[in-house]
Amino acid sequence: MVLENYRVKLMPLTLDNFHHLIPVASEENLVQYSPSSIETPEKLKEYVQTALEQQQLQTSLPYIIYDKQNASFAGSTRYMNIHWKNKVLHIGSTWIGKAFQGTGLNSQMKYLMLENAFHQMDFEKVEFRIDERNIKSRKAVEKLGAVLEGILRQDVYLTDGFKRNTCCYGLLKQEWEAVKSKNFPNV
């Protein structure tokens, strides 16, 4: 399913379109807080294959991000850790090129994903899991209205062997309308 507004278009990520992300994925330290590696075309392909395997298991829906304002591919994101019975999912594995950071692209993308998760997919909670040191991403989800629910200590190994603490943020469906009217009044 394609998610789209005036600024961004999220399309299913596939082995046929991931090559558009190779220039962005090769940027230095783009995913320094992630347990994944994407900096070479081979590693990016493995990353996409893993996401597609998770999609087959119905636990993930990966997207390629197209920035309509700049007419270029900007990165990737996904719904993940989808728990259909409990109506909870995560939005994560999000990375966008440095040229797109701080431009409003991420908030428009998250708006589309949250609106879709709560209203089309009928989920009751969306979670975000972020490395404790990634202040930029933490502030971004806090700005969206997500609440810090706890910190998982030494939770995930990163590619450099560091074991990170993971901040767990959540946003409930009943909180979304107030958040949406405050943060996205013109949408």
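Being a predicted model, the structure only gives us computed values, none of them experimental. (Residues numbered from 1 in each chain as written. Predicted model: local features only at pLDDT ≥ 70, side-chain atom pairs only at ≥ 80, totals over all residues. Heavy atoms only, no water.)

A short note on the pairing of strand E3 (residues 60-67)
Then, number 1: Counting buried positions along E3 yields six of eight residues, so the element is predominantly enclosed.
Then, number 2: Direction of pairing for strand E2 (residues 8-12) relative to E3: antiparallel, over a ladder of five bridges. Bridge pairing links Lys9 to Tyr66 in E3.
Then, number 3: Pairing of E3 with strand E4 (residues 72-83) involves eight bridges; the strand directions are antiparallel. From the neighbouring strand, Ile65 faces E4, where its bridge partner is Gly75.
Then, number 4: In this structure, the hairpin formed by E3 and E4 is closed by a connection of four residues, where Ala71 is found at a positive phi of approximately 50°. (Buried < 20%, exposed > 50% of the residue type's maximum accessible area, 1.4 Å probe, protein only. Helix = DSSP H or I, 4+ residues; strand = E, 2+ residues; numbered from the N terminus. Pairing = 2+ DSSP bridges.)

Observations concerning the packing of helix H3 (residues 105-120) against helix H5 (residues 173-183)
Then, number 1: Two numbers describe how H3 lies on H5: the axes approach to 10 Å, and their chain directions differ by 140°. Comparing the axis directions of H3 and H5 gives the class oblique. H5 is crossed by H3, and the crossing has left-handed handedness. The segment H3 lies against H5, with Tyr111, Leu114, Glu115, Phe118 and His119 engaging Lys173, Trp176, Glu177 and Lys180.
Then, number 2: Across the contact of H3 with H5, the residue classes tally to four nonpolar, one polar and four charged. (Axes fitted to C-alpha atoms, helices over the stretch in contact; angles between N-to-C directions. Parallel < 35°, antiparallel > 145°, perpendicular 65-115°, else oblique. Left-handed = near helix turned anticlockwise from the far one by under 90°. Contact = heavy atoms within 4.5 Å. Nonpolar A, V, L, I, M, F, W, Y, C, P; charged D, E, K, R; others polar.)

Thoughts on the sheet that holds strand E6 (residues 125-131)
Then, number 1: Taken together, eight strands build an open sheet; the order of strands is E1-E2-E3-E4-E5-E6-E8-E7 and the sheet is mixed. At either margin of the open sheet sits one strand with a lone partner, and together these are strand E1 (3-4) and strand E7 (147-157).
Then, number 2: Pairing between E1 and E2: two bridges, direction antiparallel. Within E2, the residue paired with Leu3 across the bridge is Leu10.
Then, number 3: On the sheet, helix H2 (residues 41-56) packs against E3, E4 and strand E5 (88-96) and is oriented at approximately 130° with respect to E3.

A few points about the side chain of Asn17
Then, number 1: Mapped onto the fold, Asn17 is located in the loop between E2 and helix H1 (22-25).
Then, number 2: By relative accessible area, which is 15% here, Asn17 ends up buried.
Then, number 3: A distance of 2.9 Å separates a polar atom in the side chain of Asn17 from the backbone oxygen of Pro12.
Then, number 4: When near neighbours in sequence (up to four residues on either side) are disregarded, Asn17 contacts Pro12 and Ile64. (Polar contact = N/O pair within 3.5 Å; in protein donor to acceptor, adjacent residues only side chain to side chain.)

So, to be careful, I would describe these as geometric facts and stop short of saying anything about function.
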